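Architecture and fold: a report
In case you want the letters, here they are:
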Amino acid sequence: MTTPSRDIHALLAQYSESHRNPTNELIHFVCVPVIVFSLLGILWAIHPVLALAAVIGAMWYYLQLSKPFAVGMLAMSILMLAILAAMPPLTVLPLSIAIFVVAWIGQFIGHKIEGKKPSFLEDLRFLLIGPLFVLGFLYRRFNLAY
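Counting restarts for each chain, with residues numbered from 1 along the sequence as it is written. For this predicted model, a pLDDT threshold of at least 70 governs which residues receive local features, and a threshold of 80 or more governs which side-chain atom pairs are given and counted, while totals over whole chains, interfaces and linings are taken from all residues. Each side-chain value is worked out from all heavy atoms of the structure, with water and hydrogens disregarded.

1. Looking at the overall build of the protein
For helices the rule is a DSSP run of H or I covering at least 4 residues; for strands it is a run of E covering at least 2, with both sets numbered from the N terminus onward. Across its full length, the protein carries six helices and zero strands. Counted from the first residue to the last, the protein has its helices and strands arranged as α-α-α-α-α-α. Relative to the compact-globule value of 15 Å for 146 residues, the protein shows a C-alpha radius of gyration of 15 Å, a close match. Taking the principal axes of the C-alpha coordinates as reference, the protein spans close to 45 × 35 × 30 Å. A burial count over the protein gives 40% of its 146 residues as buried. The contacts of the protein with a sequence gap of at least 6 include a subset with a gap of at least 24, amounting to 78%. Residue burial considers only the protein chains on display, and all accessible areas are found by Shrake-Rupley using a 1.4 Å probe. For the protein, the accessible surface area stands at approximately 8,500 Å², while carbon and sulfur atoms represent 74% of it. Between the two quantities, the radius of gyration covers C-alpha atoms and the globule rule is 2.2 Å times the number of residues to the power 0.38. Accessibility here uses a 1.4 Å probe with only protein chains present; expressed as a share of the type maximum, an area under 20% marks a residue as buried, one over 50% as exposed, and anything in between as partly exposed. Working rule for contacts: check all heavy atoms of both residues, and any pair within 4.5 Å makes them a contact.

Written out as structure tokens, the structure is:
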């Protein structure tokens, strides 16, 4: 049986296998956070409680993998929810949909450049690991353990 800390390292290693090209990595560093923001925006437009429920569900999963990552994702989620709360309500849905579509196009362009298919096509968990891949870069940059 593996421990959660080993699970996160294994998941990040597996995710990074299809994210080695520097251009694809850069695209992901931009597109993954905006996809998270836009998805929260779509949920927020339906009902703010739905966006909050999605954050709570993701935090539960992240806590199982890594407490330091969960803290970082919670901070990012709070920031994103605060931005959504400050936006004019009628702009949230159209802006979120536009960002969502453009960012996913960017992701698929990155994978075309990489020459490998997106990880989530084999395991849906990688939709939640993508943000940790980006956050992991920041943690390593600032010598923070995860």
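2. Quick notes on unusual backbone geometry
Note: most peptide bonds trans; most residues except glycine with negative phi. One non-glycine residue, Asn 143, lies in the positive phi region at around 55 degrees. Tracing the sequence through the fold places Asn 143 in the segment after α6 (126-141).

3. Quick word on helix α4 (residues 67-86)
In this model, α4 (20 residues) spans 28 Å end to end at C-alpha, consistent with the 28 Å of a helix rising 1.5 Å per residue. Definition of a polar contact: a pair of N or O atoms within 3.5 Å, with one able to donate and the other able to accept a hydrogen when the atoms are protein atoms, and with sequence-neighbouring residues admitted only if both atoms are side-chain atoms. The opening residue of α4, the one whose side-chain oxygen lies 3.1 Å from the backbone nitrogen of Phe 69, is Ser 66. Expected span of a helix: the number of residues minus one, times 1.5 Å.

4. With respect to the environment of Pro 89
Within the secondary structure, Pro 89 is located in helix α5 (residues 89-114). Pro 89 sits 20 residues away from Phe 69 along the chain, and the two C-alpha atoms are 30 Å apart.

5. A few points about the nonpolar core
Side chains that are nonpolar tend, in soluble globular proteins, to be buried together. Grouped together as the largest cluster of nonpolar side chains are 36 residues, with contacts concentrated most on Tyr 62, Ile 129 and Leu 132. Elements with a contribution of two residues or more to this core: α1 (4-16), α2 (22-46), α3 (48-65), α4, α5 and α6. The contact partners of Tyr 62, leaving out residues within four places of it in the chain, are Ala 70, Met 73, Leu 128, Pro 131 and Leu 132. Nonpolar cores were defined as sets of buried Ala, Val, Leu, Ile, Met, Phe, Trp, Tyr and Cys residues, with membership established by side-chain atoms within 4.5 Å.

6. Brief notes about the packing of α2 against α5
Interaxial angles span 0 to 180 degrees and are taken between N-to-C directions of axes, which are lines fitted to C-alpha atoms, for helices over the stretch in contact. In the contact formed by α2 and α5, the axes pass within 8 Å of each other and the chain directions differ by 155 degrees. It follows from the interaxial angle that α2 and α5 lie roughly antiparallel. Along this stretch, α2 crosses α5, giving a crossing that reads as left-handed. Residues are grouped as follows: nonpolar covers Ala, Val, Leu, Ile, Met, Phe, Trp, Tyr, Cys and Pro; charged covers Asp, Glu, Lys and Arg; every other residue, Gly included, is treated as polar. For the contact of α2 with α5, the class distribution of residues is 18 nonpolar, 10 polar and one charged. In these notes the angle categories are as follows: under 35 degrees is roughly parallel, over 145 is roughly antiparallel, 65 to 115 is roughly perpendicular, and the rest is oblique. For any helix crossing, the convention is left-handed if the near helix is rotated counterclockwise from the far helix by under a right angle, and right-handed if that rotation is clockwise.

7. Considerations on the packing of aromatic side chains
Pairing of aromatic side chains here covers Phe, Tyr and the six-membered ring of Trp, requires ring centres within 6.5 Å, and sorts the geometry by plane angle: under 30 degrees stacked, over 60 edge-to-face, intermediate tilted. Considering all chains together, one arrives at 11 aromatic pairs under this definition. Between Phe 69 and Tyr 139, the aromatic rings sit 5.2 Å apart at their centres with planes inclined by 35 degrees, giving tilted as the arrangement. Remark: Tyr 139 occurs in helix α6 and Phe 69 occurs in helix α4; sequence separation between them is 70 residues. Comparing Phe 69 with Tyr 139 shows no difference in burial state: the two are buried. The interplanar angle of 35 degrees and the centroid separation of 5.8 Å between the aromatic rings of Trp 104 and Phe 108 together place this pair among those described as tilted. Pair noted here: Trp 104 and Phe 108 are both in helix α5, with a separation of four residues, about one helical turn. Residue Trp 104 is classed as buried on the basis of its relative accessible area of 18%. Taking relative accessible area as the criterion, Phe 108 reaches 40% and is therefore assigned partly exposed. Cluster of aromatic residues (ring-pair linked, three or more members): Tyr 15, Phe 29, Phe 126, Phe 133 and Phe 137.

Such coordinate-based values are descriptive only and should not be taken to indicate function.
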